[in-house]
Amino acid sequence: MFLQLAGTLPAAAFLSHGCGSSGPRYLTDTERRVLGACANAVFPPDDSGPGAADLGAVDFIDNLLTAFEHDPPHLHAAGPFSDRNPYPADDGSASKRYPPDQFLEFLPLSRVQRAGWQLRLYGSSGTPGGGPNDDVLGPVIGLRDLLRDGIATAIAAFPMKIDDVDDTFLRGIYDYLPDEAQSQIQLLVLQSLFSLPEYGGNRDLGGWKALHHYEGDSMPFGYSYIDPATGNILDRPVAPVIGPETTPDPEPMDDQIIGLFAAASAVLGGKQFY
Amino acid sequence: MTTTVLGNSSLDRFDVLVIGSGASGGAVAAMLSRHGQKVLVLEAGSNYFPGIDQAAPQPYPQFGNDELKLLHRFQIQPDPIAEPRTFRHSISDGDRLAVGDYATFAKTVGGGATHADLKTPRFMPDDFRLGTILGATATAGGASFVDWPVQYDALEPFFLYTERLMGVQGAVGVDPQAGPRSGPYPMPPGAAMYVAPRVAAGIAKFGYTMFPCPTAINSVPYDDRPACNDCGFCQSHPCVINAKGTPGVTTLRKALLTGNCQLRPETRAVRLLVDGAGTTITGVEAILPDGTRGTFTADRYVLAANPVEDVRLLYLSGSGRPLGNSSGLVGRNLMLHHGVNVLGVFEDQLHGHRGRGSTHAFTDFRKPSDRSQPIGGIVVVTTVPYLIQQALTYLGQFGPLGVKGALLKKMLRQARPRDRLLSLSMYGEDAPQPTNTVDLDPAVRDIDGIPVARLTYRPLDSYEVAAEKFFVPKMIDIVGASGARFGAQAPNGDPPSSGHLMGTLRFGADPASSVCRPDGRFHDIGNLYGTGASLFPTSSGFNPTLTITTVATYVAASMLFPGMPERALA
């Protein structure tokens, strides 16, 4: 079954995942390729849109792993606004004024925040003095080592040489990751898809668009406004708060999804009402 | 982020030192500094309110519509790898069951009230006299219900004062359980969530009454702050435009603007210094932003971190046992609110990512005097707006059913949480139990090598568990009556993940059965005060922030005018 899924395109054709951005890098090209394949195992490309790799998951993860190669570390985007939404005009409509993208800047960390993130990324072995609870709880394995070692383990366990398979086939390597590495990659991929694009993922807002145009950050425009004539709080029809959605449901739940909720509801002791 | 000294940096002698800058600390600082007291506030967390101490207009804070940094990268929450807590159900579990972020609470200028969605109902009059109401059953099963030493009537003017200070929107006469008021809310209710009328119709079928929940978010411009524009990032997110009445834009800011207050962020109080007799605090040892240590002094000291960190500090300051503990009750009666959630799955487009995530509530499950039903709590209607969090929840819930990869992607598209899910969340009374405690873990340390807090907590079958079993089926039926196709209870947190911490420094008149006096002062230590949620003898069934702020204001007023605190409101 596994071998039957092998594709025919050369691996080099898929090496571009996440390689478009500049900045410091921790992962090697091989690691980035494997990580991209794993990202697509979590959130694959299909008829509805691109997968996580093309949406920048690898860059997002590499940005996190190299956060401390920037000053301040690239961990907490500053804000409060991006340049994606305008300031509201006095009448509640969109003005022509946009803020700069303040999420492109990052906030300094406090001493305690910095210590925590250094331990998380570099582990006890990469932190002078180690972690505070190494003797009680065991040493902290840093995320950099966890992912690098996890990818190496998966490559070693994968039944084919990774250079011999295309990226679609390579997605199967996700199942060969050690549990902790797999869990972390899954978490980081989901974060990459749905976080602000300034962190490196959600490329071209593709993560938000994949879920039928989740609007993401809306400030400083927001959704409601106060009518200067009446003092009433009003909706903007294109994106209502108080009133019903004004556009048709882009993708209703089909029988498969309904069935999943029915099963979960039964497991949880819930009810189906119709 | 500002690490410099804020407010009046020239002050070098203080009447009062406040540890913590959240709902309690901000309120204490505001009241005392307004009356000319020189106040120093130490805050362990960072400051993300540039210009907090400068005249209006206040700049925007350094937050954002940014789920990643707020919910996953610990911008304001303690990072559990640097500042963990440990947890166990009882002492029979040994030293601990687990290490992590248990009952965690924001550590930042403004505290937990910075990112709470700030629903601010008052506690109801019966909440203050559950010892009397429950009578012989007040101690059933190991519970320790008692009356509060201060009743609703005495606190009512302080409630009103606090509502005006924070800027609370609400409507009078809509909550059937609400106590009497001496004045209106400062603002009318804001925009209702789309789903509110549908749920209102659903619960009306059972004879219940839904109403716009009082909330400290501007529905109109108020106090030099703008109206909320319903950006949707309200639950667990600070406000981006200062429309939410958090301490950083209300109490704390007002304190700093008096010129009588100084705030030191990133300054961790790690030990109270005490005189030889053990009855007077002589200073506070703190770790400064650069990691060095310093000592700060004042005439009087106020613990206003939170019910867990207050107790931790008392333990760190004693010699093997906490300061101020002649009653044996320091750290006992920890309460977390027994939060239970029922999810409704709808086939409509609820667009819950727009607007405040929770605008309406009902209190029909909160009738302590009605002995025909258990003591529940307020039920709030909540949407599910955040993508990362919900994707992880879907994986957790549906992963065992084979949901991953393409099917996960399809599920996130079709069952968009913002459109399909609605939660009814009940904050049920959490019975006080002396065996639910905070103390120090014997071995686990924080990043500075300081022992961390250990929580020992188990819910009580005869109260909160009984309430859960009684009310959850009703909540499921309500979501069905509101149009959901499915309704089911979401798994509970263990310990409860309500985000509400209460108790541990119970106040009362009797030194044998309480840690602090009715005015907040420790029975054992003449110049040390507890405040806010730590003092609560019982938890009520309501979101606690307004009552925390109100009690803190009452304590500060009592410090100013002993026995006549209402004079401070003039």
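Scoring rules and cut-offs
- Residues numbered from 1 in each chain as written.
- Chains lettered and ligands numbered in written order.
- Predicted model: local features only at pLDDT ≥ 70, side-chain atom pairs only at ≥ 80, totals over all residues.
- Contact = placed C-beta atoms within 7 Å.
- Nonpolar A, V, L, I, M, F, W, Y, C, P; charged D, E, K, R; others polar.
- Pairing = 2+ DSSP bridges.
- Helix = DSSP H or I, 4+ residues; strand = E, 2+ residues; numbered from the N terminus.
- Axes fitted to C-alpha atoms, helices over the stretch in contact; angles between N-to-C directions.
- Buried ≥ 20, exposed ≤ 12 C-beta atoms within 10 Å, placed from the backbone.
- Domains from an automatic or database assignment.
- Core = buried A, V, L, I, M, F, W, Y, C linked by C-beta atoms within 7 Å.
- Parallel < 35°, antiparallel > 145°, perpendicular 65-115°, else oblique.
- Left-handed = near helix turned anticlockwise from the far one by under 90°.

### What about the interface of chain B and chain A?
No. 1: Contacts between chain B and chain A engage 76 residues on the former and 74 residues on the latter.
No. 2: Its residues assigned to classes, the side of chain B that touches chain A shows 37 nonpolar, 21 polar and 18 charged.
No. 3: As judged from the two bridges shared by strand β3 (residues 271–272) of chain A and strand β18 (residues 486–489) of chain B, these two strands associate in the antiparallel manner. Bridge pairing in β18(B) places A:Gln272 opposite B:Phe486.

### Focus on the sheet that holds strand β7 (residues 261–264) of chain B
Residue and element names in this part refer to chain B.
No. 1: With respect to topology, six strands assemble into an open sheet ordered β1-β7-β3-β2-β11-β19, the strand pairing being mixed. Taken across any chain shown, the strands that pair with only one partner, and hence form the sheet edges, are β1 (6–7) and β19 (528–529).
No. 2: Taken strand by strand, helix α1 (residues 23–34) contacts β2 (16–19), β3 (39–42), β7 and β11 (300–303), and its axis lies near 165 degrees from that of β3.

### Some details on unusual backbone geometry
No. 1: Note the cis peptide between A:Asp71 and A:Pro72, where omega equals 0 degrees.
No. 2: Counting through the fold element by element, A:Pro72 comes out in the loop between α2 (57–65) and α3 (111–122).
No. 3: A cis amide bond links B:Ala56 to the next residue, B:Pro57, at an omega of 0 degrees.
No. 4: For B:Pro57, the location among the structural elements is in the loop between β3 and α2 (67–72).
No. 5: Phi is positive for B:Glu266, which is not a glycine, with a value near 50 degrees.
No. 6: Assignment of secondary structure puts B:Glu266 in the loop between β7 and β8 (268–274).
No. 7: Look at B:Glu266 and you get buried, because 26 C-beta atoms sit within 10 Å.

### Quick look at the domain arrangement of chain B
Residue and element names in this part refer to chain B.
No. 1: The domains assigned to chain B are domain 1 (1–62 + 104–167 + 245–335 + 501–570) and domain 2 (185–243 + 338–428 + 459–494).
No. 2: When each unit is reduced to the centre of its C-alpha atoms, the spacing between domain 1 and domain 2 is 29 Å.
No. 3: Of the residues lining the interface, 30 residues belong to domain 1; the matching set on domain 2 comes to 39 residues.
No. 4: Sorting the residues of the side of domain 1 that touches domain 2 by element identifies α3 (130–134) and α4 (152–166) as the ones contributing at least two each.
No. 5: When residues of the side of domain 1 that touches domain 2 are assigned to their parent elements, the largest contribution, three residues, is made by α4.
No. 6: The residue makeup of the side of domain 1 that touches domain 2, split by class, is 14 nonpolar, eleven polar and five charged.

### Observations regarding the sheet that holds β18(B)
No. 1: Taken in spatial order, the seven strands of this open sheet run β3(A)-β18(B)-β12(B)-β15(B)-β14(B)-β13(B)-β6(B), and their pairing is antiparallel. The sheet is open, and its two borders are formed by β3 of chain A together with β6 (210–212) of chain B, each paired with just one other strand.
No. 2: Here three bridges tie β6(B) to strand β13 (residues 360–362) of chain B, and the two strands are oriented antiparallel to one another. Paired with B:Met210 across the strands is B:Phe362, a residue of β13(B).
No. 3: Where helix α11 (residues 461–481) of chain B meets the sheet, its contacts fall on β3 of chain A together with β12 (338–345), β14 (379–383), β15 (421–428) and β18 of chain B, and the angle it forms with β12(B) comes to roughly 20 degrees.

### Focus on the nonpolar core
No. 1: Counting residues in hydrophobic clusters, the biggest one holds 242 residues, and the most contacted among them are A:Cys38, B:Ile19 and B:Val28.
No. 2: At nine residues, the largest contribution of residues to this core is made by helix α12 (residues 545–560) of chain B.
No. 3: The residues that make up this core include at least three from each of domain 1 (1–62 + 104–167 + 245–335 + 501–570) and domain 2 (185–243 + 338–428 + 459–494) of chain B.
No. 4: Once residues within four sequence positions are removed from consideration, A:Cys38 is found in contact with A:Ile173, A:Tyr174, A:Leu177 and A:Ile185.
No. 5: The next biggest cluster of nonpolar side chains, apart from the first, holds seven residues, and it includes A:Ala115, A:Leu119, B:Ile81 and B:Ala82.

### Some remarks on the packing of helix α1 (residues 29–42) of chain A against α2(A)
Residues and elements named next belong to chain A.
No. 1: Viewed as axis vectors pointing N to C, α1 and α2 meet at an angle of 120 degrees, and their least axial separation amounts to 9 Å. In terms of orientation, α1 lies oblique with respect to α2. Handedness of the α1/α2 crossing: right-handed. For the pair α1 and α2, the contacting residues are Arg32, Leu35, Gly36 and Ala39 in the first and Ala57, Val58 and Ile61 in the second.
No. 2: By residue class, the composition of the contact of α1 with α2 is five nonpolar, one polar and one charged.

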